[in-house]
Amino acid sequence: MQCPVCATELNANDVVCNKCGATKVIRRTTAGVFVGWVSMVIGLIWIMLWVPVLFLPFLGFDMSGYPWTTLVIGTIVAVVLYWYSKSTIHTKWIRGED
């Protein structure tokens with residue numbers, strides 16, 4: 001493997017180039033970061049919808065009017081967005097001066 005900055009030969013496990021000081025970092029795309037925040041917000045909202053499911057039956061409330069379809073679809077959307085956010089991780093080499 002070669003350093004993309006100075007073309008020095010590197011080992012496969014190296015994270016720093018000894019010649020030019022370039023460093024291998026793990027980054028996420030801007031879209032991945034945004035989608036990650038959106039998925040966390042949606043996830044928190046849906047957790048607030050799941051919590052009453054645990055307590056309402058014991059308090060004697062009828063669960064037939066609960067928004068089950070919205071709850072299931074929203075949970076799936078939050079999980080898919082979170083997975084997409086995690087899939088946008090990539091490695092990048094940055095120069096020592098950056």
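Let us look at the structure shown here. (Residues numbered from 1 in each chain as written. Predicted model: local features only at pLDDT ≥ 70, side-chain atom pairs only at ≥ 80, totals over all residues. Heavy atoms only, no water.)

A closer look at the overall build of the protein
Thinking step 1. A tally of regular secondary structure across the protein gives two helices and two strands.
Thinking step 2. Mapped from its N terminus to its C terminus, the protein presents α and β elements in the order β-α-α-β.
Thinking step 3. Summarising its shape, the C-alpha atoms of the protein cover approximately 70 × 20 × 20 Å along the three principal directions.
Thinking step 4. Counting every position in the protein, which comprises 98 residues, the buried fraction comes to 22%.
Thinking step 5. Considering only residue pairs separated by 6 or more positions, the protein has 61% of its internal contacts joining residues 24 or more positions apart.
Thinking step 6. Side chains of the protein give 7 positive and 5 negative charges; the mean places of these two sets differ by 4 Å. (Helix = DSSP H or I, 4+ residues; strand = E, 2+ residues; numbered from the N terminus. Buried < 20%, exposed > 50% of the residue type's maximum accessible area, 1.4 Å probe, protein only. Contact = heavy atoms within 4.5 Å. Lys, Arg positive; Asp, Glu negative; His and termini not counted. Charge placed at Lys NZ, Arg CZ, Asp CG, Glu CD.)

Let's talk about the environment of Gly96
Thinking step 1. On the secondary structure map, Gly96 appears in the segment after β2 (89-94).
Thinking step 2. With 10 residues separating them in the primary sequence, Gly96 and Lys86 have C-alpha atoms 27 Å apart.
Thinking step 3. Discounting chain neighbours no more than four positions away, the residues touching Gly96 are Cys20, Gly21 and Ala22.

Things to note about the environment of Lys19
Thinking step 1. Examined against the element boundaries, Lys19 turns out to sit in the segment before β1 (23-28).
Thinking step 2. Overall, the relative accessible area of 64% leaves Lys19 in the exposed class.
Thinking step 3. A sequence separation of 12 residues divides Lys19 from Ala7, and the C-alpha atoms of the two residues are 9.7 Å apart.
Thinking step 4. Beyond its immediate chain neighbours, meaning those up to four positions away, Lys19 contacts Cys6 and Thr8.

Quick word on a nonpolar patch on the surface
Thinking step 1. A surface patch of nonpolar side chains, about 740 Å² in accessible area, is lined by Leu44, Ile47, Val51, Leu54, Phe55, Leu59 and Phe61.
Thinking step 2. With respect to the helices and strands, the residue Phe61 is situated in the loop between α1 (30-55) and α2 (68-87). (Patch = residues over 30% accessible without salt bridge, like charges linked within 9 Å, V, L, I, M, F, W, Y side chains within 5 Å. Areas by Shrake-Rupley, 256 points an atom, 1.4 Å probe, with all protein chains shown as cover. Salt bridge = Lys/Arg side-chain N within 4 Å of Asp/Glu carboxyl O.)

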